[in-house]
Amino acid sequence: MSNKNLKTVDLVPKAADFLGDVVKGLSAAPKSLSPKYCYDEVGSGFFDEICRAPEYYLTRVETAILDQLGTVNLPSNQPIAVVELGGATSDKFRRLMPHIANVKMYMPVDISRDVLFGDAAKLAADHPNLEVAAVCADYQQLAKFPWQEHLKGKTPLLFFPGSTIGNLSEEDTTALMRICKAIIGDSGFMLLGCDLMKPVDVIVPAYSDAGGANARFNLNVLRRINLELGGDFKSENFRHDVQFNHEKKQIDIHLVSKVAQDVHLAGHTFHFKEGEGIYAESSRKFDRADIEKLTAAHGLKPVTWWTDPKEYYALVLLKAAP
Ligand SMILES: C[S@@+](CC[C@H](N)C(=O)[O-])C[C@H]1O[C@@H](n2cnc3c(N)ncnc32)[C@H](O)[C@@H]1O
């Protein structure tokens, strides 16, 4: 890395964690596989395709809101450091930056190493006066990260777009929100993107686009297991399945076995019945009251809301509650 204004920190989990998690997930009932393993370079490319799919309104609406934010008032006498969770690509940060005065530093955090470091290098080259510090890590590793050391003399703005908060389990949400609160402390800010509840016939196609980007993304975990862990999954024997769970106001995504079959991995045999699902991911949809409740539970309060005309999506600026 030759840019003077670029630092990279690599805390990426080892392959052993990948194998251990996959064996644990496939041994459970019901079976599951963490979506974080969909994100290698190929998977991040499929995620980009999802973002460009006409049915995937989330990116389109959130970027339109970002483009029209106007000045974001962050009272502080220090320069601002934007920490982005899930910031493998800086597209949303590049849109946010013009609306904030005195941004000195950008710290994207993401598990997808090659995409993250490649994109951070381009951003650093495009903005020689911006300090870029890219952190390759699993969210689970962030509690022990020396944030104060990196953010010294700066006011943090924690940017968590993409409604990724809605993909986390209750337990993971609590753990991550605690980390977010610790990063921003009493004087920092958080900008959170949340997908709002809307008619289900708008939501479901976003996760089951006609062009098949969502399916390719979801199936990528099987390709990675075969390639990196020596498994023998036959992707063509699984289909991408999307259901809306009305009770929980969330999309539930599975990979469903089309046939009865055995899959082998690292000395284990996993049997699948015809129609059996592997749980992949959920995506919760929020009302304002849900967001207020979630953030209040972690000592944060909304300062400013931005939405689109149809109220499909919200960006919420938060700070520590007094
Ligand atoms: C749903 S995408 C959102 C991407 C982008 N921020 C957006 O707003 O569209 C989630 C991003 O988080 C990263 N990611 C997924 N699981 C992660 C984890 N456990 N730890 C760190 N990064 C993760 C992925 O590589 C991906 O870039």
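Bear in mind the structure is a predicted one, so any value in this text is a computation, not a measurement.

Criteria and cut-off values
- Residues numbered from 1 in each chain as written.
- Predicted model: local features only at pLDDT ≥ 70, side-chain atom pairs only at ≥ 80, totals over all residues.
- Heavy atoms only, no water.
- Pairing = 2+ DSSP bridges.
- Helix = DSSP H or I, 4+ residues; strand = E, 2+ residues; numbered from the N terminus.
- Near = heavy atom within 4 Å.
- Polar contact = N/O pair within 3.5 Å; in protein donor to acceptor, adjacent residues only side chain to side chain.
- Areas by Shrake-Rupley, 256 points an atom, 1.4 Å probe, with all protein chains shown as cover.
- Nonpolar A, V, L, I, M, F, W, Y, C, P; charged D, E, K, R; others polar.
- Axes fitted to C-alpha atoms, helices over the stretch in contact; angles between N-to-C directions.
- Parallel < 35°, antiparallel > 145°, perpendicular 65-115°, else oblique.
- Left-handed = near helix turned anticlockwise from the far one by under 90°.
- Contact = heavy atoms within 4.5 Å.
- Disulfide = S-S within 2.5 Å.
- Buried < 20%, exposed > 50% of the residue type's maximum accessible area, 1.4 Å probe, protein only.
- 1 Å grid on protein atoms, 1.4 Å probe; cavity = no way out; pocket = protein on both sides within 12 Å on 5 of 7 lines; lining within 4 Å.
- Points joined across faces, edges and corners; volume = space filled by probe spheres on them.
- Phe/Tyr/Trp six-rings, centres within 6.5 Å; stacked < 30°, edge-to-face > 60°.
- Domains from an automatic or database assignment.
- Buried area = accessible area lost by both parts, 1.4 Å probe.
- Salt bridge = Lys/Arg side-chain N within 4 Å of Asp/Glu carboxyl O.
- Right-handed = clockwise from strand over helix to strand, strands pointing away.

Some remarks on the pairing of strand 13 (residues 300-307)
Here is step 1 of the chain: In this structure, strand 13 lies alongside strand 14 (residues 313-320), joined through seven bridges in antiparallel fashion. Across the sheet, residue Trp305 finds its bridge partner in strand 14, namely Val316.
Here is step 2 of the chain: Hairpin geometry of strand 13 and strand 14 is characterised by an intervening segment of five residues between the two adjacent antiparallel strands and by a positive phi of about 55° at Glu311.

A look at the site of the ligand
Here is step 1 of the chain: The immediate surroundings of the ligand are formed by 16 residues, with Gly86, Lys92, Asp110, Asp138 and Tyr139 found nearest.
Here is step 2 of the chain: In the environment of the ligand, an oxygen atom lies 3.3 Å from a nitrogen or oxygen atom belonging to the backbone of Gly162.
Here is step 3 of the chain: Coverage of the ligand by the protein amounts to 90% of the 590 Å² it exposes when considered alone.
Here is step 4 of the chain: Taken together, the residues of the shell around the ligand break down into seven nonpolar, four polar and five charged.

Details of the packing of helix 2 (residues 41-52) against helix 9 (residues 213-229)
Here is step 1 of the chain: Here helix 2 crosses helix 9 at 165°, and the two axes come no closer than 8 Å. Viewed along their axes, helix 2 and helix 9 adopt a mutual orientation that is roughly antiparallel. Every pair of crossing elements has a handedness; the one defined by helix 2 and helix 9 is left-handed. Of helix 9, the residues touching helix 2 (which contributes Val42, Gly43, Phe46, Phe47, Glu49 and Ile50) are Ala213, Asn214, Arg216, Phe217, Asn220 and Arg223.
Here is step 2 of the chain: Residue composition of the contact of helix 2 with helix 9, by class: six nonpolar, three polar and three charged.

Notes on the state of the cysteines
Here is step 1 of the chain: Under the criterion given, the structure shown has zero disulfides.
Here is step 2 of the chain: Counting only cysteine sulfurs, Cys38 is the nearest neighbor of Cys136, a cysteine outside any disulfide, at a range of 16 Å.
Here is step 3 of the chain: Counting only cysteine sulfurs, Cys180 is the nearest neighbor of Cys194, a cysteine outside any disulfide, at a range of 12 Å.
Here is step 4 of the chain: You can call Cys194 buried: its relative accessible area is 0%.

Considering empty space enclosed by the protein
Here is step 1 of the chain: All told, the structure shown has one cavity of 30 Å³ or more when counted by the stated rule.
Here is step 2 of the chain: The wall of the largest cavity is formed by Leu33, Pro35, Cys38, Asn218, Val221, Leu255, Ile278, Tyr279 and Ala280.
Here is step 3 of the chain: Among the secondary structure elements, those contributing two or more residues to the lining of the largest cavity are helix 9 and strand 12 (277-284).
Here is step 4 of the chain: Counting residues per element, the lining of the largest cavity draws most heavily on strand 12, which supplies three residues.
Here is step 5 of the chain: A class-by-class count of the residues in the lining of the largest cavity yields eight nonpolar, one polar and no charged.

Overview of the packing of aromatic side chains
The geometry of an aromatic ring pair is captured by two quantities: the separation of the ring centres and the angle between the planes.
Here is step 1 of the chain: This model, assessed by the stated rule, comprises 12 aromatic pairs.
Here is step 2 of the chain: Judged by centre distance (6.0 Å) and plane angle (75°), the ring pair of Tyr56 and Tyr207 falls under edge-to-face. Residue Tyr56 is found in the loop between helix 2 and helix 3 (57-67), and its partner Tyr207 is found in the loop between helix 8 (200-206) and helix 9; the two are separated by 151 residues along the sequence. The residues Tyr56 and Tyr207 share a single accessibility class, namely buried.

Focus on the environment of Leu74
Here is step 1 of the chain: Relative to the elements of secondary structure, Leu74 occurs in the loop between helix 3 and strand 3 (80-85).
Here is step 2 of the chain: Along the primary structure Leu74 and Lys319 are separated by 245 residues, whereas in three dimensions their C-alpha atoms are 9.9 Å apart.
Here is step 3 of the chain: What Leu74 contacts, discounting residues up to four positions off in sequence, is Ile80, Ile100, Leu157, Phe189 and Leu317.

What to know about the side chain of Asn5
Here is step 1 of the chain: Along the chain, Asn5 falls in the segment before strand 1 (6-10).
Here is step 2 of the chain: We classify Asn5 as buried; its relative accessible area is 15%.
Here is step 3 of the chain: In this structure the side chain of Asn5 is engaged in a polar contact, spanning 2.9 Å, whose partner is the backbone oxygen of Ala124.
Here is step 4 of the chain: Leave out the neighbours within four places in its chain, and Asn5 touches Ala124, His127, Pro128, Leu130, Glu131 and Val132.

Focus: the domain arrangement of the protein
Here is step 1 of the chain: For the protein, the assigned domains read domain 1 (6-10 + 54-198 + 287-320) and domain 2 (15-35 + 214-284).
Here is step 2 of the chain: Relative placement of domain 1 and domain 2: their C-alpha centres are 29 Å apart.
Here is step 3 of the chain: Taken together, the contact between domain 1 and domain 2 spans nine residues of the former and six residues of the latter.
Here is step 4 of the chain: Summing the contributions of domain 1 and of domain 2, the shared interface buries around 640 Å²; its carbon and sulfur component is 37%.
Here is step 5 of the chain: Ranking the residues of domain 1 by area buried against domain 2 places Gly166, Asn167 and Met197 at the top, with a combined share of 60%.
Here is step 6 of the chain: One can count two salt bridges joining domain 1 with domain 2.
Here is step 7 of the chain: Residue Lys249 pairs with Asp287 through a salt bridge whose shortest N-O separation is 2.9 Å.
Here is step 8 of the chain: For the pair domain 1 and domain 2, the interface holds four residue pairs in polar contact (both at pLDDT 80 or more).

So, the pairing of strand 3
The side chains of a regular strand alternate, residue by residue, between the two faces of the sheet.
Here is step 1 of the chain: For strand 3, a buried count of six out of six residues is recorded, marking the element as mostly surrounded by other parts of the structure.
Here is step 2 of the chain: Burial along strand 3 is two-sided: the residues Ile80, Val82 and Glu84 and Ala81, Val83 and Leu85 are all buried.
Here is step 3 of the chain: As paired elements, strand 3 and strand 4 (residues 103-110) share six bridges and run parallel to each other. The partner of Val82 across the bridge, within strand 4, is Tyr106.
Here is step 4 of the chain: Each parallel crossover has a hand, and for strand 3 linked through helix 4 (residues 91-96) to strand 4 it is right-handed.
Here is step 5 of the chain: In this structure, strand 3 lies alongside strand 6 (residues 155-160), joined through five bridges in parallel fashion. If you follow Val83 over to strand 6, its bridge partner there is Leu158.

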